[in-house]
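If you want the building blocks of each chain, they are given just below.
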Amino acid sequence: VNNNHVLILGARSDIAKAIAHRFASEGSSIDLAARGSESLLVDKADLEVRYNVEVTLHDFDVLDTQSHASFVETLPVMPTTVVCVVGYMGSQADSEKRPDAAVKVIRTNFEGPASIFLVLASHFEARGSGTLVGISSVAGLRGRASNYIYGSAKAGFSAFLSGLRNRLTGSGVHVVTVLPGFVATRMTEGMDLPSRLTAQPEEVAKAVWTAVDRKRDIIYVRSVWRFIMIIICAIPEKIFKRLSL
Amino acid sequence: MRLSGWGRFPVQDARVFAPRDEQALISHIGAGHAIARGNGRSYGDSAVSQSNTVHMRFFNRMLAFDSTNGLLVAEAGVLLADVIDTFLPSGWFPAVTPGTKFVTLGGMVAADVHGKNHHKEGSFGRYVEWLELMDQSGSILRCSRDQNAEVFDWTVGGMGLTGVIVRVAIRLKQVESAWIKQQTIPTTNLQHTMEVFEAAQESTYSVAWIDCLGTQSSSGRCLVYLGEHATIAELSKRQQKAPFEVRRKKGITMPFDFPSWTLNQYAVKAFNAAYYKNGLRNQGERIVDWDGFFYPLDSILGWNRIYGRRGFLQFQCVLPIDRSEKGLKELLAEISTTGIGSFLAVLKRFGEQYSKFSFPMLGYTLALDFPVSERSLALMQRLDKIAASHGGRFYLAKDGRIAAETIRQSDSRSDAFIAMRTEQQLREGFQSSQSERLGL
């Protein structure tokens, strides 16, 4: 795996940084892609100093789907693995009041990631190898009043990843869906999350590394979430619609 | 949130912020009464400000390393453990290290930490090439021995009270292997111990575990450990093949607080006797790995919980060289009479003081820890008096309880430190619970 070349989309997030460290520590070269990527220069230096690997920075805007094809074509090296960590929760209240706010959440979590993965999938399929990792969410498994805009976008992304995996099986390209549950990041800072259900970014990174290494399809980070979601999904809608979860 | 140092005493309500970038850091510092917190390994209240504790955990990136001279530039929140992980495989080791690797570089500078090589190689500050300090307005000043030298001098050992250290450039030292050639010398009493230390001035590392419950004749008996970085030639055939590879030991995590009665004087006495006996068996020379030599306690994650929920207190003083023997005798006699033993009692010979407000001075330092209780607090106050009466002074990174007047009387430098803080208008901007308690 030493010659691995990993592209991380949405590289500014805490999960993305942890994933970059994990792969770099295994000797992978790292491409960090985000808007205003020059602000990641310090992170680039950190990865280079710690792991003695090559790190490059790339400007990438997940919402600018027009640019995705040329973004991939102008990459200096076609990566062996791509991890899409892009995620945007927004404010549920805003999303309910302003359609444009809801659309931004939906486009950032679903449309944009699907678009860039479609471009990458074609390149990988032609090459006959590669791994695409999508960080989705358990919020996509059932819509809840508190975050259904974000959740429905993630549901779309999860369904997309599952279809893409179905399409590419046999082509040599592997697709991983990650359902992290709560993670202690900037996005959840200040929320009162139960510590047993909350993973650290490093745990997500480790789970992603293992999933890529062992070609897993759908992974949770803390296994307790698998059971929580089985229960949540099993509640009849008649009852579920009255609950506040 | 409820916040304390590593000793878990005192525990206070404090507002803690963890800024992720320089802009956020500037706005938090601007609010005043700020103290930077690294990994929270100072024992008492040095890194707690009730209104504005600024956690530096997101400033943990390494920026550059020059493999021709071992100069590492890094943000202040980088852990020493990460520095070792990164650079030991290519033959670089911290020039000075405290007894735990779970400290940040910024914290090491602020406390001007010392290690087992202080008598010969000085404190951490000596290996700081430059540092960058943020003041309350958010501007950053680069300081070194040549540039803003006065600020540099106060900041090394200044306990974070001159501003927030944001970046440092430190020199690592080159080593041939990850192994230490360790010599264990059992001594029979204090005088003997000091003779061994004085004869070992040329050893790179020297430290002693002291049995502080020894009776009259055996008072001050020690196991003195001397150490040198092992050269390739000194390693076994197997070690020579990969001189920087040390098998990782599985750490233990302390899963709960011990009930406080487990550490009564009988347990401590038995432990001390057994430990000394074991040392007698292992005397002489051995090759040991770096982790075991420098950081024996780090393998027990959360070892502070051994002392129970009430936490524990550290007492560490240094006595000037000409008063050391007499002062140590009195300190040990007082401890022995009270009968509150310390599990981890450490004696060490120091070299010269480095920066203006740095703790070490030429002499002997004694470090003890006690579970928190009325009796141990009273004992420590008596120890304070004894140390002060011999011209000794106290290590602020370990303190969470000393009285302001004790510091003012024992440490003649504190007046100058306060005057500097007042003149530079730092007292509004930067303070810790410790600096408030001590009036610094």
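Bear in mind the structure is a predicted one, so any value in this text is a computation, not a measurement. (Residues numbered from 1 in each chain as written. Chains lettered and ligands numbered in written order. Predicted model: local features only at pLDDT ≥ 70, side-chain atom pairs only at ≥ 80, totals over all residues. Heavy atoms only, no water.)

(A) Geometry of the interface of chain A and chain B. Contact residues are listed per partner, giving 11 residues for chain A and 14 residues for chain B. The contact between chain A and chain B buries some 990 Å² in all, and 47% of this surface belongs to carbon and sulfur atoms. On the chain A side of the interface with chain B, the three residues burying the most area are V42, V49 and R50 of chain A, jointly 55% of the side's total. Viewed at the interface, chain B and chain A are joined by four salt bridges. The shortest N-O distance in the salt bridge between D43 of chain A and R61 of chain B comes to 3.2 Å. Along the contact surface separating chain A from chain B lie six residue pairs in polar contact (both at pLDDT 80 or more). Taken together, the elements giving at least two residues each to the side of chain A that touches chain B come down to α1 (14–25) and α2 (41–51) of chain A. With six residues, the single largest contributor to the side of chain A that touches chain B is α2 of chain A. Tallied by class, residues from the side of chain A that touches chain B come to three nonpolar, one polar and seven charged. (Contact = heavy atoms within 4.5 Å. Buried area = accessible area lost by both parts, 1.4 Å probe. Salt bridge = Lys/Arg side-chain N within 4 Å of Asp/Glu carboxyl O. Polar contact = N/O pair within 3.5 Å; in protein donor to acceptor, adjacent residues only side chain to side chain. Helix = DSSP H or I, 4+ residues; strand = E, 2+ residues; numbered from the N terminus. Nonpolar A, V, L, I, M, F, W, Y, C, P; charged D, E, K, R; others polar.)

(B) Looking closely at the nonpolar core. Core analysis: the largest hydrophobic core is formed by 110 residues, its most contacted members being L105 and L347 of chain B. Counting residues per element, this core draws most heavily on strand β11 (residues 164–174) of chain B, at six residues. For L347 of chain B, the contacting residues outside a window of four places in its chain are L190, T193, F197, V207, A208, I210, C222, L328, Y364, T365 and L366 of chain B. Core analysis: the second largest hydrophobic core is formed by 34 residues, I8, A20, L32 and I135 of chain A among them. (Core = buried A, V, L, I, M, F, W, Y, C linked by side-chain atoms within 4.5 Å. Buried < 20%, exposed > 50% of the residue type's maximum accessible area, 1.4 Å probe, protein only.)

(C) Region of the structure containing the environment of V83 of chain A. Residue and element names in this part refer to chain A. Take V83: it is sitting in strand β4 (residues 81–84). Residues V83 and V212, spaced 129 residues apart in sequence, show a C-alpha to C-alpha distance of 9.9 Å. Sequence-distant contacts of V83, that is, excluding residues within four places in its chain, are made with V6, L7, I8, L9, I19, V133 and I135.

(D) Representation of the sheet that holds strand β3 (residues 16–17) of chain B. All names here are of chain B. Spatially, three strands are ordered β3-β5-β4 in an open sheet, and the strand pairing comes out parallel. In the strand order of this sheet, the two ends are held by β3 and β4 (35–37), each with one partner. Note: β4 against strand β5 (residues 53–55), three bridges, orientation parallel. Residue pairing for β5: A36 is matched across the bridge by V54. (Pairing = 2+ DSSP bridges.)

(E) Representation of the packing of α1 of chain A against α2 of chain A within the structure. Residue and element names in this part refer to chain A. The geometry of α1 relative to α2 is characterised by a closest axis approach of 10 Å and an angle of 25° between their N-to-C directions. In terms of axis orientation, α1 runs roughly parallel to α2. Between α1 and α2 lies a crossing whose hand is right-handed. Contacts between α1 and α2 involve K17, A20, H21, A24 and S25 from the former and D43, D46, L47, R50 and Y51 from the latter. Tallied by class, residues from the contact of α1 with α2 come to four nonpolar, two polar and four charged. (Axes fitted to C-alpha atoms, helices over the stretch in contact; angles between N-to-C directions. Parallel < 35°, antiparallel > 145°, perpendicular 65-115°, else oblique. Left-handed = near helix turned anticlockwise from the far one by under 90°.)

(F) Layout of the sheet that holds β4 of chain A. All names here are of chain A. Read from one edge to the other, the open sheet built from seven strands follows the order β3-β2-β1-β4-β5-β6-β9, with strand pairing classed as parallel. For this open sheet the edge positions go to β3 (55–59) and β9 (218–220), each flanked by a neighbour on one side alone. Across this sheet, the average inter-strand angle for adjacent strands is 20°, counted without regard to direction. For β4 and strand β5 (residues 130–135), the ladder comprises four bridges, and the chain directions are parallel.

(G) Up close: the packing of aromatic side chains. A complete count under the given rule lists 25 aromatic pairs over all chains for this structure. Ring geometry for F117 of chain A versus F157 of chain A: centroids 6.1 Å apart, planes at 45°, classification tilted. With a gap of 40 residues between them, F117 of chain A in helix α5 (residues 99–127) and F157 of chain A in helix α6 (residues 148–168) connect regions that are remote in the sequence. For the pair F117 of chain A and F157 of chain A, one class covers both residues: buried. Members of the aromatic cluster, connected to one another through ring pairs, are F93, Y205, W290, F293, F294 and Y295 of chain B. Across from the ring centre of F293 of chain B, 5.7 Å away, lies the NZ or CZ of K116 of chain B, which sits over that ring. (Phe/Tyr/Trp six-rings, centres within 6.5 Å; stacked < 30°, edge-to-face > 60°. Lys NZ or Arg CZ within 6 Å of the ring centre and 35° of its normal.)

(H) View of the packing of α5 of chain A against α6 of chain A. Residues and elements named next belong to chain A. Following both chains from N to C, one finds α5 and α6 inclined at 10°, their axes separated by 8 Å at the closest point. On the basis of their axis angle, the class for α5 and α6 is roughly parallel. For the pair α5 and α6, the crossing hand works out as right-handed. The segment α5 lies against α6, with A102, V105, I106, N109, F110, P113, A114, F117, L118, A121, S122 and E125 engaging I149, Y150, A153, K154, G156, F157, F160, L161, L164, R167 and L168. Residue composition of the contact of α5 with α6, grouped by class: 17 nonpolar, three polar and three charged.

(I) View of the pairing of strand β9 (residues 128–134) of chain B. Residues and elements named next belong to chain B. Burial analysis of β9 places six of its seven residues in the buried class, which makes it a mostly covered element. Pairing geometry for β9 and β11, over six bridges, is antiparallel. Bridge pairing in β11 links E132 to R167. Bridging between β9 and strand β10 (residues 140–144) involves five bridges; their strand directions are antiparallel.

(J) Examining the environment of D411 of chain B more closely. Residue and element names in this part refer to chain B. With respect to the helices, strands and loops of the structure, D411 is situated in the loop between α12 (404–410) and α13 (413–423). Given the relative accessible area of 6%, D411 is considered buried. Placed 172 residues apart in sequence, D411 and Q239 show a C-alpha to C-alpha distance of 47 Å. Ignoring sequence-local partners within four residues, the contact set of D411 consists of F357 and R393. Within the local environment of D411, its side chain forms a polar contact with the side chain of R413, the two groups lying 2.9 Å apart.

(K) Focus on the pattern of salt bridges. The final tally for this structure, using the stated rule, is 37 salt bridges over all chains. With its nearest N and O atoms 2.9 Å apart, the salt bridge here joins R61 of chain B to E75 of chain B. Placement of R61 of chain B in the loop between β5 and β6 (62–66) and of E75 of chain B in strand β7 (residues 71–75) is noted, with a sequence separation of 14 residues between them. Here R61 of chain B matches E75 of chain B in class, with each residue buried. Here the salt bridges share partners, and the residues they tie into one network are K17 and D43 of chain A together with R61 and E75 of chain B.

(L) Main features of the confidence of the model for chain B. Here chain B shows a mean pLDDT of 94. Residues at 70 or above account for 99%. Taken over the whole predicted complex, pTM reads 0.94, whereas the ipTM for its chain interfaces reads 0.92. (pLDDT = per-residue confidence, 0-100.)

(M) Local environment of the side chain of S376 of chain B. Residues and elements named next belong to chain B. Locating S376 in the fold gives a position in helix α11 (residues 374–389). Take S376: its relative accessible area is 0%, and that puts it in the buried class. Within polar-contact distance, the side chain of S376 engages the backbone oxygen of P371 at 2.8 Å. Not counting residues within four places of it along the chain, the set of residues in contact with S376 comprises L313, I340, F370 and P371.

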